[in-house]
Amino acid sequence: IGVFDGLRAYALFGVVLMHLIGIAGILSIGRDDTLSHVLWTFFGNTIDLFFVISGFLLFLPVIRRGRLKDGTLAFYFRRALRIQPEYWLTLVVLVLMIALIPVTFQPEMPTVGQFLIHVFDLQNAVRMVDPDFLVGFWIDGALWMIPVLVGLYLVFPPFSRLMLKSPYLALVLALAVTVGWKYGVHHMPGALDWLAGGGATHEQLMIIATEQSPSFAWSFATGMFAAILYQRARVNPGTRWQTTGLPVAFGLALVGWVVAGIIFSDAAVNTTTGFDGSGLGRIAILPNLVGTACRAVFVLCVALGPALLQRLFDNRLAATGATLSYGLYLIHLPVAFYIGQLLDISSTGTFTSLLVWTAAVVPLSLAWAWVSNRFVGKPAIAWGEKRLKDQSN
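Residues numbered from 1 in each chain as written. Predicted model: local features only at pLDDT ≥ 70, side-chain atom pairs only at ≥ 80, totals over all residues. Heavy atoms only, no water.

Peer 1: Looking at this structure, how should I read the overall build of the chain?
Peer 2: Within the chain, the secondary structure is distributed over 17 helices and 0 strands. Computed over its C-alpha atoms, the radius of gyration of the chain comes to 21 Å, within 12% of the 21 Å expected for a compact globule of 393 residues. Of the roughly 18,100 Å² of accessible surface on the chain, a fraction of 68% belongs to carbon and sulfur atoms. When the 25 positive and 20 negative side-chain charges of the chain are each reduced to one mean point, those points stand 19 Å apart. (Helix = DSSP H or I, 4+ residues; strand = E, 2+ residues; numbered from the N terminus. Rg over C-alpha atoms; globule rule 2.2 N^0.38 Å. Areas by Shrake-Rupley, 256 points an atom, 1.4 Å probe, with all protein chains shown as cover. Lys, Arg positive; Asp, Glu negative; His and termini not counted. Charge placed at Lys NZ, Arg CZ, Asp CG, Glu CD.)

So, in structure tokens, the structure goes:
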């Protein structure tokens, strides 16, 4: 489905844009103005859109086949080859950057243990017991997303079977998991403090706990449910709920997205470190549940929408962006960390500063993303498919 190239690219490029806006000083500690609220409203939680899209794209083939292709182990194998090789390569590159590039603010060389924690996607879990653990070796905090994705992949096979059999029950279960987890985060500070050994503030512990897989179960499930509605619409086109209901749903979803985003922005502008804004926004329960549901409706409406709407997301540029978006996401923060120091780029909080940072970081990051995808990502996936085919034969 071509529009998902644009949607996927928007989701991850939106995250990169927000990081660059923060690095350029447009979003900063103590800045609570209209521009900050607008930026947080529309771009502050685009990573959630990525999880909705992932749920949709993974579940649609299951709906069409009535089962997972080649079974559970093959699913795990394919998912591992899709995300791990490029991610592991990024970890090696981070170590080489730290070892070989001399800069004023030099991060410490990670230990073997810290490296292996990242290799096995345990960084988020370790932060629950050690809040001072540095995700991405201090220079690539965006790597918190990988364990979340892995956790959702692990439960996908059994959950997809439930979604096939009882979609509404599966949706309610995912809602219960996310609400229950976040409710516990809010109302069980003693448990979080006990896990962390009393080594962090409650706010910090809430952010760490929120950045775990259960917080995004609802996001994944709404994407899967949207895939069911999409398939029903393709099998029985032109029904009333498509011709009349979808345009209304699209409008309501956009309004709901903005309202939820405004509440998100009210929390995000209270950042005290410059790095916890999105985490503060994700702590809230009801606004984020509503925002996620609106994003799922938006995805469905775009997938079934008119050609004019789809053309915004389905084009050659979007397809290229989707291919490179994963590698870009993995590498853009360390590139910004080192390029900023080596070129002495200032952060003045102006649009000009944002342009300079973007011009310095994005082209180099995209070039690396292409190399990573071309020589690691694609070959790994092709090798995996060949091995599965040989085993099947």
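And the narrative resumes.
Peer 1: What am I meant to see in the packing of aromatic side chains here?
Peer 2: Given two aromatic rings, their pairing is described by the distance between the two centres and the angle made by the two planes. A complete count under the given rule lists 21 aromatic pairs for this structure. Look at F50 and F51: their rings are 5.8 Å apart centre to centre, the planes differ by 65 degrees, and that puts the pair in the edge-to-face class. A residue is classified by how much of its surface remains accessible, and F50, at 8% relative accessible area, is buried. Put simply, the rings of F59, F75, Y76, Y153, F156 and F220 touch in pairs and so form one group of aromatic residues. In this structure, R295 is placed above the aromatic ring of W257, and the distance from its NZ or CZ to the ring centre is 5.3 Å. (Phe/Tyr/Trp six-rings, centres within 6.5 Å; stacked < 30°, edge-to-face > 60°. Buried < 20%, exposed > 50% of the residue type's maximum accessible area, 1.4 Å probe, protein only. Lys NZ or Arg CZ within 6 Å of the ring centre and 35° of its normal.)

Peer 1: Any chance you could explain the packing of helix α12 (residues 240-268) against helix α14 (residues 286-304) here in plain terms?
Peer 2: Helix-helix packing is characterised by the crossing angle of the two axes and by the distance between the axes. Interaxial distance between α12 and α14 falls to 8 Å at its minimum, and their mutual angle equals 145 degrees. Crossing geometry of α12 relative to α14 is assigned as left-handed. Together, W241, L246, A249, F250, A253, L254, G256, W257, A260, I263 and F264 of α12 and P287, N288, G291, C294, R295, V297, F298, L300, C301, V302 and L304 of α14 make up the contact between the two elements. Residue composition of the contact of α12 with α14, by class: 18 nonpolar, 3 polar and 1 charged. (Axes fitted to C-alpha atoms, helices over the stretch in contact; angles between N-to-C directions. Left-handed = near helix turned anticlockwise from the far one by under 90°. Contact = heavy atoms within 4.5 Å. Nonpolar A, V, L, I, M, F, W, Y, C, P; charged D, E, K, R; others polar.)

Peer 1: Help me understand the pattern of salt bridges in this model?
Peer 2: Should their charged atoms come close, side chains of opposite charge can pair. By the definition in use, this model includes 7 salt bridges. Close ionic contact of D390 with K386 constitutes a salt bridge, the shortest N to O distance being 3.2 Å. Taken together, the positions of D390 and K386, both in helix α17 (residues 351-392) and 4 residues apart, correspond to about one turn of that helix. Taking the relative accessible area as the measure of exposure, K386 reaches 52% and is therefore exposed. (Salt bridge = Lys/Arg side-chain N within 4 Å of Asp/Glu carboxyl O.)

Peer 1: Got a minute to help me understand the nonpolar core in this structure?
Peer 2: Buried together is how nonpolar side chains tend to be arranged in soluble globular proteins. Ranked by internal contacts, the top residues of the largest apolar core, which has 103 residues, are F51, F59, F156, M163 and Y329. If you tally residues by element for this core, the top one is helix α3 (residues 46-65), at 12 residues. Counting residues in hydrophobic clusters, the runner-up holds 12 residues, among them V185, A196, M206 and I208. (Core = buried A, V, L, I, M, F, W, Y, C linked by side-chain atoms within 4.5 Å.)

Peer 1: Would you explain the side chain of S353 in this entry?
Peer 2: Mapped onto the elements of the fold, S353 is located in helix α17. For S353, a relative accessible area of 5% gives the class buried. Within the structure, the side chain of S353 is placed 3.4 Å from the backbone oxygen of A24, a separation counted as a polar contact. Setting aside residues no more than four positions away along its own chain, S353 makes contact with A24, S346, S347 and T348. (Polar contact = N/O pair within 3.5 Å; in protein donor to acceptor, adjacent residues only side chain to side chain.)

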